[in-house]
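Summary of the model geometry
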Amino acid sequence: MIGKLEMASTKEDILKKYFGYESFRPNQAAIIDKVMAGEDCLVLMPTGGGKSICFQVPALLKPGLTVVISPLIALMKDQVEALKGNGVAAAYLNSSLSVQEQDQIMWQAKLGELKLLYIAPEKLFSGNTLSFFRELNVSLFAVDESHCISSWGHDFRPEYRQLNLIKQQFPGVPIIALTATADRVTRRDILKQLGIEGAETFVSSFDRPNLNLTVLPGRKRIEQIKRFIAKHERQPGIIYCLSRKATETVTASLNKEGIKAAYYHAGLRSELRSSVQEQFLRDDIQVIVATVAFGMGIDKSNVRWVIHYNLPSNVESFYQEIGRAGRDGEPADTALFYSYMDIITRQEMINNSDQQEVQKEVLHAKLDRMKQYAEADICRRRILLSYFNEAVDQDCGNCDVCRNPRTRFDGTIIAQKALSAITRTDQKIAMGMVIDILRGSRNRQVIQNGYDSLRTFGVGHDLKGEEWAEYIGQMLNSGVMDIAYDEAHSFKLNHFSKEVLRGERKVELVRYIPISERKAKEDTGVSDVKPKQEIIKDALFEKLRGLRKQLADRLSVPPYVVFSDATLSEMAQKRPLSEAQMKTVAGVGAEKFRRYGAAFIEEIVRFAKENTEPGTRIAKGLTYVETWELYQQGYSVKVIAEKRGLNPVTILSHLIKLKDDGHDVDLEALIDQQAYQKITQAAEELSIRKDEPLKPIFELLNEQYDYGQIKLALAVAEGKRA
Ligand code: ADP
Ligand code: ZN
């Protein structure tokens, strides 16, 4: 474990060494510089944006201790495990630890053995913790989830109010406040409450381009979900439902299909809730079907999809909930089911709530924005980002509207047909019956009411039921008719309807594209048949995932603490066979390599041996591996060459390359001292270095030493110079 100050390291060195990343994301570097200069700052980044790096890198660059204040006790353990996994000395203090355990951690802090200490606010302000910290060399305070300090925020926590004490008691120590959600008012309030009004605020884009956005028609939801999950085999995902009951029934139907799903809502015993959550984190449960009670403090980076079974009440909640997918930056799919009934349900909930009238108005206005999103016929991401005051000058290409651009058409005749069915039934019928009449369905209710003798009966048989539902929904939304919530949702004619019926007004509709005809994300590639490379990659990814799960279970940590999905997928693509190659994979730092590198390389080698055709890049890589294995068993170059049926010169060049890649090869032991002297002298005379043409040396030495020996000598000399 590394606890010492990193002498003269740059922030880039730290990023690479501990976290295995090549470069900073936007704003991270500027924020770190600010903190290193001893100044306060406020950081706004979306979930998954990479806030932690902003205080973890300074923690490693600065002498002393960084104290991280976070209300999410459930998360601390995993965050600390992840840091330790990267070789960073970290610990946490909260009520889940015994008194002895807490004392021990205090001791470690006192002895300067820790770089980061996570603490819950109630712990920070209890007993003599604060005065204890004053005796330590605290170099930075990070206030995570800092919107909790503001009563304007959506998650106010009274304990957070006491955080104003930090600046008072540690005036010289910089504070970095971080949050994923804060409008302007909340932002100002955070600075004021923390007493850091002068702090610079860094606002990152809230765009999450890796999230695919889709709205699906709210019919046959279960069937659509099954199809959706079939395309996401074994990938973890969340389904959000409005009611507890719905979470249970949806779970039951998925379980029937053999899908590992469990439900989660506030009505469950807390032990059961944590056990479900834990199993999901550990990839033992694939699907969580939950109410909005689920998710706060879920730090699972490999959630690959989120479905909204019902319409959320506002855009903020929606964005936060879909934001739980794809935190590792890898592609993730989100789908929202929408039908006009969802709006009605939500409106009724607001109307029947015991909120004050003004508040109800706000809620209705927020619901309206959500509705606009669901009904959009322009790029959905533009709508979302403009909601968060972010200007966007391009369509995103990763939402259903971008993939299937909408077309408008004159829908007056369609509207007239529907309105006339409503007129001829005395405005007593709702959606289902209107469609039955238009499509000419002779069901019992139709017959009983004599609707089959209406002149409109069957005039709309040319459209499918789902098309009618879509168009009637659009008519409602644009005010072509009204709906009486208090009369079994029957449709009522209004002024607009009458004008349409009389032919005085046109109705424009947006063409409905049946799901089967929509361009799915998966189909945007050139052909349906995946190229061979892809299939093998998928299989290897699964193998690596299996290994990750094994290791994680052995250490009892969630799998993403070992490696993220992004890291595994890069590994599956690059197929690193050596330490140096492995370390080029994002997310593989020095400590991660030390712990897991060999196991993953072994898995890749095994896979490659079983699946590789001669001549491919991986086959070339494998030849090194075979030489390496024999070398490790102690065979001489000559014997290795014989065993492999290759030229000794080739084996030597393998060993040189292996050494280059960071393997422990003792090149010096392979060369005769006299040869070494002669060759290096010759090289110096001719000023030839490794990797330059060697023929002149070969000739100068009268062809006495072969190319293998020359190469070897130069490599050894190079190693000595370095
Ligand atoms: P937040 O706290 O903002 O939700 P995290 O700090 O957990 O986000 O970061 C989200 C993911 O992005 C993590 O897997 C993290 O390791 C990764 N990440 C952060 N910074 C970088 C970077 N510069 N390069 C690559 N990955 C990064
Ligand atoms: Zn788009």
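Residues numbered from 1 in each chain as written. Chains lettered and ligands numbered in written order. Predicted model: local features only at pLDDT ≥ 70, side-chain atom pairs only at ≥ 80, totals over all residues. Heavy atoms only, no water.

Our focus in this paragraph is the overall build of the protein. When its secondary structure is counted, the protein shows 34 helices and 17 strands. Across its three principal axes, the protein shows a C-alpha extent of roughly 110 × 65 × 45 Å. Within the protein, buried positions represent 52% of all 722 residues. Accessible surface computed for the protein: about 34,000 Å², of which carbon and sulfur atoms make up 49%. Computing the positive centroid from 98 side-chain charges and the negative centroid from 96, the protein places the two 3 Å apart. (Helix = DSSP H or I, 4+ residues; strand = E, 2+ residues; numbered from the N terminus. Buried < 20%, exposed > 50% of the residue type's maximum accessible area, 1.4 Å probe, protein only. Areas by Shrake-Rupley, 256 points an atom, 1.4 Å probe, with all protein chains shown as cover. Lys, Arg positive; Asp, Glu negative; His and termini not counted. Charge placed at Lys NZ, Arg CZ, Asp CG, Glu CD.)

In this section: the sheet that holds strand β7 (residues 200–203). Strand order in this open sheet of 7 strands is β3-β4-β2-β5-β6-β1-β7, and the pairing throughout is parallel. Only two strands of the sheet have a single partner each, and these edge strands are β3 (90–93) and β7. For this sheet, the mean inter-axis angle between neighbouring strands, taken without regard to orientation, is 20 degrees. Here 4 bridges tie strand β1 (residues 41–44) to β7, and the two strands are oriented parallel to one another. Directly across from leucine 44, in β7, lies its bridge partner valine 203. Contacts between helix α4 (residues 73–85) and the sheet are confined to β3 and β4 (116–119), with β3 contributing the most and set at about 165 degrees to the helix. (Pairing = 2+ DSSP bridges. Axes fitted to C-alpha atoms, helices over the stretch in contact; angles between N-to-C directions. Contact = heavy atoms within 4.5 Å.)

This paragraph deals with the domain arrangement of the protein. By domain assignment, the protein separates into domain 1 (11–203), domain 2 (211–403), domain 3 (411–496) and domain 4 (530–611). Centre-to-centre separation of domain 1 and domain 3, based on C-alpha positions: 59 Å. (Domains from an automatic or database assignment.)

Take the packing of aromatic side chains next. Under the defined criterion, the tally for this structure stands at 13 aromatic pairs. Measuring from ring centre to ring centre gives 4.9 Å for phenylalanine 141 and phenylalanine 170, while their planes differ by 65 degrees; the resulting arrangement is edge-to-face. Pair noted here: phenylalanine 141 is in strand β5 (residues 138–143) and phenylalanine 170 is in the loop between α9 (164–169) and β6 (175–179), with a separation of 29 residues, a long-range link. Summarising the aromatic geometry, the rings of tyrosine 264 and phenylalanine 294 are spaced 4.8 Å apart at their centres and angled 70 degrees between planes, so their arrangement reads as edge-to-face. Remark: phenylalanine 294 occurs in the loop between β11 (287–290) and β12 (305–308) and tyrosine 264 occurs in strand β10 (residues 261–264); sequence separation between them is 30 residues. Pairwise contacts between aromatic rings join Tyr264, Phe280 and Phe294 into one cluster. Residue placement shows arginine 505 over the ring face of phenylalanine 496; its charged tip is 3.7 Å from the ring centre. Here the guanidinium or amino end of lysine 643 rests over the ring plane of tyrosine 635, the centre of that ring lying 4.8 Å away. (Phe/Tyr/Trp six-rings, centres within 6.5 Å; stacked < 30°, edge-to-face > 60°. Lys NZ or Arg CZ within 6 Å of the ring centre and 35° of its normal.)

Near ligand 1 lie 14 residues; those nearest to it are Tyr21, Gly48, Lys51, Ser52 and Arg327. Contact distances for ligand 1 include 3.2 Å between an oxygen atom and a side-chain N or O atom of arginine 25. The contact in question runs from an oxygen atom of ligand 1 to an N or O atom on the side chain of lysine 51, over 2.8 Å. Protein chains shield 81% of the accessible area of ligand 1, which is 560 Å² for the free molecule. Broken down by element, the shell around ligand 1 gets its largest block of residues, 3 residues, from helix α3 (residues 51–61). (Near = heavy atom within 4 Å. Polar contact = N/O pair within 3.5 Å; in protein donor to acceptor, adjacent residues only side chain to side chain.)

Our next topic: the side chain of lysine 492. Mapped onto the secondary structure, lysine 492 falls in strand β16 (residues 490–492). Of the polar contacts made by the side chain of lysine 492, one reaches the side chain of serine 490; its length is 3.3 Å.

Inspection of every chain in the model, using the stated rule, returns 45 salt bridges. The partner of arginine 545 in a salt bridge is glutamate 542, and the shortest N-O contact between them spans 3.2 Å. Taken as a pair, arginine 545 and glutamate 542 lie in helix α24 (residues 532–555) at a separation of 3 residues, close to a single helical turn. In this structure, glutamate 642 engages lysine 638 in a salt bridge whose closest nitrogen and oxygen atoms are separated by 4.0 Å. Here glutamate 642 and its partner lysine 638 are both found in helix α30 (residues 637–644), 4 residues apart, which amounts to about one turn of the helix. (Salt bridge = Lys/Arg side-chain N within 4 Å of Asp/Glu carboxyl O.)

Okay, the environment of alanine 29 next. Position of alanine 29 among the secondary structure elements: in helix α2 (residues 28–36). The partly exposed category is assigned to alanine 29, whose relative accessible area is 23%. In this structure, the C-alpha to C-alpha distance between alanine 29 and phenylalanine 318, residues 289 residues apart in sequence, is 30 Å. Discounting chain neighbours no more than four positions away, the residues touching alanine 29 are Lys11 and Phe24.

Let's shift gears to the pairing of β4. Residues Leu116 and Tyr118 of β4 are buried on one face, and the alternating residues Leu117 and Ile119, pointing to the opposite face, are buried as well. When strand β2 (residues 65–69) meets β4, the two strands line up parallel, connected through 4 bridges. Looking across to β4, one finds that threonine 66 is bridged to leucine 116. When β3 meets β4, the two strands line up parallel, connected through 4 bridges. Across the sheet, the residue bridging to alanine 91 is leucine 117, located in β4.

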